[in-house]
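Each chain, letter by letter, is given below.
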Amino acid sequence: MKIIWERIHNWLAANAPQVLESLKPGATDEEMYQAETFFGVKFPEDFKLSYRVHNGQKEESYCLFPYLDFLSLQSAIEISEKWQNCSDNKFRCNPEDISEGIWNGWWNPNWIPVSMESNGACECVDLAPAAGGNVGQVIIVEWQEPTRRLIAPNFRVYLESFADALERGEYCFSEDDYGLVDLANLKY
């Protein structure tokens, strides 16, 4: 994970130093323990290794992931608490709106938020997949829509795919859009 983060650091240093400066130091043993205790799980090793490099971003900074804030472990706890308090036990996604292997419901307490969009959508590490899913897969959970989609089979692939996209020139920094943006979706 350190090598993947070095690739991201190098790209950010050359193209978006404001974003690089917003990354927080790695999580301490105590922060990791508190988060695992709150969620009642052991995090996947790649997830822990990544959070040992950076424990999210500083509050109110430019987005690391396109349109998404990279969350600290404490922010992940706070968001999970918020979603659990808004829980709807009758909520179900339509089958076409949910990827195979993802639990069909409003919020699962074993979804660990790692990034969040201003509209409330979260990318989460899924530690309680449905049949056909992988423990540790990364999913997107829409706040305003009944959509649950698979992004990556695990956190390593998620982060490595992001580093690959940076190096291919798929993203750029936009002050107007508050951080990194996907060039394919950028409207001038």
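Residues numbered from 1 in each chain as written. Predicted model: local features only at pLDDT ≥ 70, side-chain atom pairs only at ≥ 80, totals over all residues. Heavy atoms only, no water.

*Asks:* Is there a simple way to think about the pairing of strand 7 (residues 179-182) in this case?
*Replies:* The two faces of a sheet get side chains in turn, since along a regular strand they alternate between them. The pairing of strand 6 (residues 171-174) with strand 7 spans four bridges and is classified as antiparallel. Across the sheet, the residue bridging to Ser174 is Gly179, located in strand 7. Remark: four residues form the turn of the hairpin made by strand 6 and strand 7, two consecutive strands paired antiparallel; Tyr178 in that turn has positive phi of roughly 65°. (Pairing = 2+ DSSP bridges. Helix = DSSP H or I, 4+ residues; strand = E, 2+ residues; numbered from the N terminus.)

*Asks:* What am I meant to see in helix 5 (residues 73-85) here?
*Replies:* Residue pairs three or four apart in sequence face the same way in an α-helix, which turns once every 3.6 residues. Compared with the 18 Å implied by 1.5 Å per residue over 13 residues, the 19 Å span of helix 5 between its first and last C-alpha is a close match. Every buried residue belonging to helix 5 is among Leu73, Ser75, Ala76, Ile77, Ile79, Ser80 and Trp83, and all of these are buried. Check the buried side of helix 5 and you find it contacts helix 3 (29-39), helix 4 (45-53), strand 2 (111-117), strand 3 (122-126), strand 4 (137-141) and strand 5 (148-152). (Expected span 1.5 Å × (residues − 1). Buried < 20%, exposed > 50% of the residue type's maximum accessible area, 1.4 Å probe, protein only. Contact = heavy atoms within 4.5 Å.)

*Asks:* Whenever I open this one, the layout of surface pockets confuses me. Can you help?
*Replies:* A water-sized probe, rolled over the atoms, reveals where empty space remains. Roughly 340 Å³ of volume is contained in the largest pocket. Broken down by secondary-structure element, the contributors of at least two residues to the lining of the largest pocket are strand 5 and helix 6 (155-167). For the lining of the largest pocket, the leading source of residues is helix 6, giving four residues. Looking at the lining of the largest pocket residue by residue, the classes come out as ten nonpolar, two polar and three charged. The calculated volume of the second largest pocket comes to roughly 270 Å³. Taken together, 15 residues make up the lining of the second largest pocket; nearest its centre are Glu59, Asp69, Leu71, Ser75 and Ile79. Sorting the residues of the lining of the second largest pocket by element identifies strand 1 (68-70), helix 5 and strand 2 as the ones contributing at least two each. (1 Å grid on protein atoms, 1.4 Å probe; cavity = no way out; pocket = protein on both sides within 12 Å on 5 of 7 lines; lining within 4 Å. Points joined across faces, edges and corners; volume = space filled by probe spheres on them. Nonpolar A, V, L, I, M, F, W, Y, C, P; charged D, E, K, R; others polar.)

*Asks:* Honestly, helix 3 in this entry has me stumped. Any pointers?
*Replies:* When helix 3 is considered as a whole, its buried residues turn out to be Met32, Ala35, Glu36 and Phe39. Buried residues along helix 3 cover an arc of 95° about the axis, so they all sit on one side. Elements in contact with the buried residues of helix 3: helix 4, helix 5 and strand 2. (Arc of directions from axis to C-beta.)

*Asks:* Looking at this model, I keep getting lost on the side chain of Ser80. Mind explaining?
*Replies:* Along the polypeptide, Ser80 turns up in helix 5. For Ser80, a relative accessible area of 0% translates into the label buried. Within polar-contact distance, the side chain of Ser80 engages the side chain of Trp107 at 3.4 Å. (Polar contact = N/O pair within 3.5 Å; in protein donor to acceptor, adjacent residues only side chain to side chain.)

Keep in mind these values describe shape, not function.
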